[in-house]
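Descriptive analysis of the structure
So you can see what is in the structure, the chains are spelled out below.
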Amino acid sequence: MIKKKRRIYDARVYLKYFFLFSFCFLISISYTQVSADSSYKQPLQVDGIAIQPIKDRIQLSEAEKIWLEKNKHVRVRVGDWPPFMITGNNVSGIAIDYLSLISKIHGIEFSYITQKDISWPDALQAIRDRNGVDMVPAIQPTADRSKYMIFSVPYQTLPWVIVTRSNADFVGGLKDIQTKKICVQEQFILQKEIEKDYPDLNLKVIKTSTPTLDSLKEVATGRSYATINALPVVVYFIQHYGLSNLKVAAPAKFTDLQLTMGIRNDWPELASIISKTVKAMSQKDITAIQNTWLSVQYDQGFNPQKVRRWMHLGAIVFLIIVVLFIIVNRTLKRQVEQRTKDLQSELEKRKIIQQHLKNSEERYDMALRAVSDGLWDWDLKTNDVYFSPRYFEMLGYGPHEFPYILDTWTKLLHPDDKERVIKLVTAYLENFSKQNKKTIYSVEFRMKTSNGEWKWILARGNVPIVDEKGSPIRLIGTHIDITERKKTEEIMVQTEKMMSVGGLAAGMAHEINNPLSGILGAVQNIQNRIFKDHEKNLSAARECGADIAQIRKYVDIRGITPMLENIQTAGFRAAAIVHNMLQFSRKSNQNFELHDLAILLDKTLELAASDYNLKRDYDFRKIKIKREYDPKVRKIFCIGNEIQQVFLNLLKNGAEAMAEKNSEKKECQFILRVKNIKDEVIVEIEDNGPGMNEETKKRAFDPFYTTKSVGKGTGLGLSVSYFIITEEHNGSMEVESTIGEKTLFIIRFPADSSCQ
């Protein structure tokens, strides 16, 4: 009877575990299912555009409804005119996105006929004859076309622009290129307008299957001086076909291109349906389509929305597992204690229970290691903290190297993060309420590793237990190493800064150069006409009844001479800034050649040593140079003089920094390293100067940022160097520094640019 009761008791216990686990499992599954099914509850979308709101704003007439019932299939002729029409592997483009939206809303089936099947003139004739083609998705209305075609409302307005090579002379409009050869596309609406308004232009008509691309290539190769096309089309082709030596020189002052959809004239209902749909779209919907094709695109390695959703799911599942194991462990422990008291004779049974407990703990530890997270459990009453082995392993410490108390965590925090993080944790606990138990504590900070470096950590936690007053008793959570993610974010931010400045630099530099040249030329002419003993200067002075020597004396007394010198000095400095700005916007046209980086570095040292003059505060020849070159280092393909420019910038900056610190009479020294590491060739330039603080280090590569006094630097040297390495040579550049000790610049070149 006793054994039977025990078996019933055991069955109840295991049944309780089974239902508990099943309940938790169903919660996690239902959460996953809700997350997975939630998208079906959203309105049907096309490329992020909500269909139903647009559909609700459209009021169709009875004639339009009858037409939709009878005509569900429309044949569309599509040309190759990116980004509005693209006929590659799949028909796509802005116009096609509009048709897809119309199809989803009204159920119209559009079939596409490309330029390979029918030419543009034949397509227009087919619409006129109502045979084989029903509409075209991108066309400008004209009086002639209105005779056989009906047009929708315009869905895109495009300005016309003149395109020339980057090194072409200044062009302000068509009058500046009247004597040049200009190419346009055959049967293009602009061709007739140019021939009408500018009959004397030297016009070349491109009659190929890809006239837009071939027109741009005509200009890029110098066969024609310029071409005219719509601005978004030009930008798309320049970016996607690598036509980097072309530029948009000036607007072409023609009437803006109004893009509509042209439909055979016996289908006015279809034209009206399309127009109503375009009008019903919000500006947000229109922008969503345009940004897909007209914005700069970046490859994204992950979908943040999906990552957040799966992180939330993972956190909930993880917390369920943690709570489940804690409940199971505590229940098993109580069961062991109870059975130890009641069933001393059943030693074998006790061993089995203990083995169950051990297996459960091992599974618990394996689960934590599988997700690579460190677990912590903070007792808020005693300040004791449990740290899992992985918690210390990710920082390079042993599992029992520190005491299990709260001070262990605070001592490992970065000094700059400590106050912020402690305030956040305190505020979280103070604002915690029993009614808001699902609130998650989350914060990012740096922790010190065993080798003295700092790792970025993401801490997330929650309060699982409160007292009778609702105050938290324990805080449990995880630590995740996010160091690599933070580095990637910093690189992305720096790259975006460089790209944004590079996009502005060319236009600014060209705009500044013209007035700057006039200023410098005027100053030089003034100096020549006052201080040169030319016959014209002397005769002009005599005509004014003055002696040239008296004029020069007046100029000296009034301080005009130093004023002119200051203008000239400022002008030359501005010219240097403009020159550096242009380096952001121009891809080098020099050839890549095989170079030994150690040899380039030594040649740069010779240049730096010969650059000393009385205006500088240092003598480069007195700086100690320590070389640590790998004799087996690989050569790389690079532009030698650009790499030397990078080295020279770093050496000069380091020399100036060490000169500022030289009040300590410490010997100035450079340590130069060239080495192979895995699939990279690495150059390191280290000085023993004053170093950089965190703020300076973060902004070191920012354009126009400098810590030098006015007149000693433009703030572009390191920015240009960063641009040369990352954009021109697909490498990377970073800086490490210790205040009062050193600054180290590390340049990495990828393996595919090297040669054994």
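Scroll up to find the structure.
Residues numbered from 1 in each chain as written. Predicted model: local features only at pLDDT ≥ 70, side-chain atom pairs only at ≥ 80, totals over all residues. Heavy atoms only, no water.

**Describing the overall build of the protein**
Selection rule: Note on conventions: DSSP H or I runs of at least 4 residues are helices, E runs of at least 2 residues are strands, and numbering of each starts at the N terminus. Only protein chains enter the accessibility calculation, which uses a 1.4 Å probe. A residue is then buried if its area is under 20% of the maximum for its type, exposed if over 50%, and partly exposed in between. Contact criterion: two residues are considered in contact whenever any of their non-hydrogen atoms come within 4.5 Å of each other. Note on areas: Shrake-Rupley with a 1.4 Å probe; residue coverage comes only from the protein chains shown.
When helices and strands are tallied, the protein shows 23 helices and 28 strands. Within the protein, the proportion of its 756 residues that are buried is 41%. Looking at the protein alone, contacts between residues at least 24 apart form 69% of all its contacts between residues at least 6 apart. Approximately 42800 Å² of the protein is accessible, and the part contributed by carbon and sulfur atoms is 53%.

**Let's talk about unusual backbone geometry**
The amide bond that connects Pro 82 to the next residue, Pro 83, takes the cis arrangement and shows omega of 0°. For Pro 83, the position within the fold is in the loop between strand E3 (73-78) and strand E4 (86-87). In this structure, Arg 130 takes a positive phi of about 55° despite not being glycine. Position of Arg 130 among the secondary structure elements: in the loop between helix H5 (120-129) and strand E7 (135-139).

**Remarks on the packing of helix H4 (residues 94-106) against helix H9 (residues 268-280)**
Keep this limit in mind: Axis angles are defined between N-to-C directions and span 0 to 180 degrees, where every axis is a line fitted to C-alpha atoms and, for a helix, only to the segment in contact. Our angle categories are set so that under 35 degrees counts as roughly parallel, over 145 as roughly antiparallel, 65 to 115 as roughly perpendicular, and the remainder as oblique. Polarity classes work like this: nonpolar for Ala, Val, Leu, Ile, Met, Phe, Trp, Tyr, Cys and Pro, charged for Asp, Glu, Lys and Arg, and polar for all others, with Gly in that last group.
Two numbers describe how H4 lies on H9: the axes approach to 11 Å, and their chain directions differ by 100°. With respect to H9, the axis of H4 lies roughly perpendicular. Of the residues in H9, those in contact with Tyr 98, Ile 102, Ile 105 and His 106 of H4 are Ile 273, Ile 274, Thr 277 and Val 278. Its residues assigned to classes, the contact of H4 with H9 shows six nonpolar, two polar and no charged.

**So, empty space enclosed by the protein**
The condition that has to hold: Cavity means a closed set of points on a 1 Å grid over the protein atoms alone, one where a 1.4 Å probe fits but cannot get out, pocket means an open set with protein on both sides within 12 Å along at least 5 of 7 lines, and lining means a residue has an atom within 4 Å of a point. Grid points are joined across faces, edges and corners, and a volume is the space filled by probe spheres set on the points.
One pass over the structure, following the stated rule, counts three cavities of 30 Å³ or more. Here the largest cavity defines a volume of roughly 140 Å³. Trp 376, Trp 378, Leu 406, Trp 409 and His 479 are the residues nearest the centre of the largest cavity, which is lined by 13 residues in total. Residue assignment for the lining of the largest cavity shows that the elements contributing at least two residues are strand E16 (374-379), strand E17 (385-387), helix H14 (406-412), strand E18 (441-448) and strand E20 (472-481). Class assignment for the residues of the lining of the largest cavity results in twelve nonpolar, one polar and no charged.

**Details of the pairing of strand E10 (residues 160-165)**
Inclusion rule: We treat two strands as partners when DSSP finds at least two bridges between them.
Most of E10 is tucked away: five of the six residues are buried. In this sheet, strand E13 (residues 226-230) lies alongside E10 in antiparallel orientation, the contact comprising four bridges. Paired with Trp 160 across the strands is Ala 230, a residue of E13. The pairing of E10 with strand E14 (residues 246-251) spans five bridges and is classified as antiparallel. Considered in E14, the bridge of Val 161 is made with Pro 251.

**Quick notes on the sheet that holds E17**
Spatially, E17-E16-E20-E19-E18 is the arrangement adopted by the five strands of the open sheet, whose pairing is antiparallel. Of all strands in the sheet, those bounded by a partner on one side alone are E17 and E18. The average angle at which neighbouring strand axes cross in this sheet is 25°, direction not considered. By the bridge criterion, eight bridges tie strand E19 (residues 454-466) to E20 in an arrangement that is antiparallel. Its bridge partner being in E20, Ile 465 is matched across the sheet by Arg 474. Packed onto the sheet, helix H15 (residues 415-430) meets E16, E18, E19 and E20 and runs at close to 155° relative to E18.

**A word on the pattern of salt bridges**
We count it as follows: Here, a salt bridge means any side-chain nitrogen of Lys or Arg that lies within 4 Å of a carboxyl oxygen of Asp or Glu.
For the structure shown, the criterion picks out 25 salt bridges. Between Asp 144 and Lys 147 there is a salt bridge, and its shortest N-O distance comes to 4.0 Å. Residue Asp 144 is classed as partly exposed on the basis of its relative accessible area, which comes to 44%. Residues joined by salt bridges that share partners form a network here, namely Lys 626, Glu 628, Arg 673, Lys 675, Glu 684 and Glu 686.

**Points about helix H3 (residues 62-70)**
Keep this limit in mind: As used here, the arc belongs to the directions running from the helix axis to the C-beta atoms.
All of the buried residues in H3 are Glu 64, Trp 67 and Leu 68. Across the axial projection of H3, the buried residues extend over an arc of 100°, all falling on one side. Those residues of H3 that are exposed and angled more than 90 degrees off the buried face are Glu 62, Glu 69 and Lys 70. Taken together, the buried residues of H3 touch E3, H4 and H9.

**Points about the side chain of Gln 185**
The line we're drawing: We define a polar contact as two N or O atoms separated by no more than 3.5 Å, with the added condition that, inside protein, one atom must be a possible hydrogen donor and the other a possible acceptor, whereas residues neighbouring each other in sequence contribute only through side-chain atom pairs.
Considering the arrangement of structural elements, one finds Gln 185 in strand E11 (residues 181-185). One polar contact links Gln 185 to Thr 212, side chain to side chain, over a distance of 2.6 Å. At a separation of 2.9 Å, a polar atom in the side chain of Gln 185 contacts the side chain of Asn 229. With near-sequence residues (within four places) excluded, Gln 185 lies in contact with Trp 81, Gln 191, Val 205, Ile 206, Pro 211, Thr 212, Ser 215 and Asn 229.

**Observations concerning the packing of H3 against H9**
Running from N to C, H3 and H9 point in directions that differ by 105°, and their axes come no closer than 9 Å. Considered as vectors, H3 and H9 are oriented roughly perpendicular to each other. Every residue of H9 that contacts H3 at Ala 63, Glu 64, Trp 67 and Leu 68 is listed here: Glu 269, Leu 270, Ser 272, Ile 273 and Lys 276. Residues that form the contact of H3 with H9 fall into these classes: five nonpolar, one polar and three charged.

**So, the packing of aromatic side chains**
Counted only if it meets this: Think of it this way: a Phe, Tyr or Trp ring, Trp meaning its six-membered ring, pairs with another when their centres are within 6.5 Å, and the plane angle makes it stacked under 30 degrees, edge-to-face over 60, tilted otherwise. A ring has a charge above it when a Lys NZ or an Arg CZ is no more than 6 Å from the ring centre and no more than 35 degrees off the ring normal.
Taken as a whole and assessed by the stated rule, the structure comprises 19 aromatic pairs. A centroid spacing of 4.6 Å and a plane angle of 40° characterise the contact between Phe 387 and Tyr 391, whose relative ring orientation is tilted. The pair Phe 387 / Tyr 391 is uniform in exposure class, with both members buried. With a centroid separation of 5.9 Å and an interplanar angle of 70°, the aromatic rings of Trp 409 and Phe 445 are classed as edge-to-face. Of this pair, Trp 409 sits in helix H14 while Phe 445 sits in strand E18, placing them 36 residues apart in sequence. Comparing Trp 409 with Phe 445 shows no difference in burial state: the two are buried. Site record: aromatic cluster; members linked through ring pairs are Tyr 386, Phe 387, Tyr 391, Phe 392, Tyr 397, Phe 402 and Tyr 404. Its end group placed over the ring of Tyr 148, Arg 128 keeps NZ or CZ at 4.0 Å from the ring centre.

Geometric values such as these leave the question of function open.
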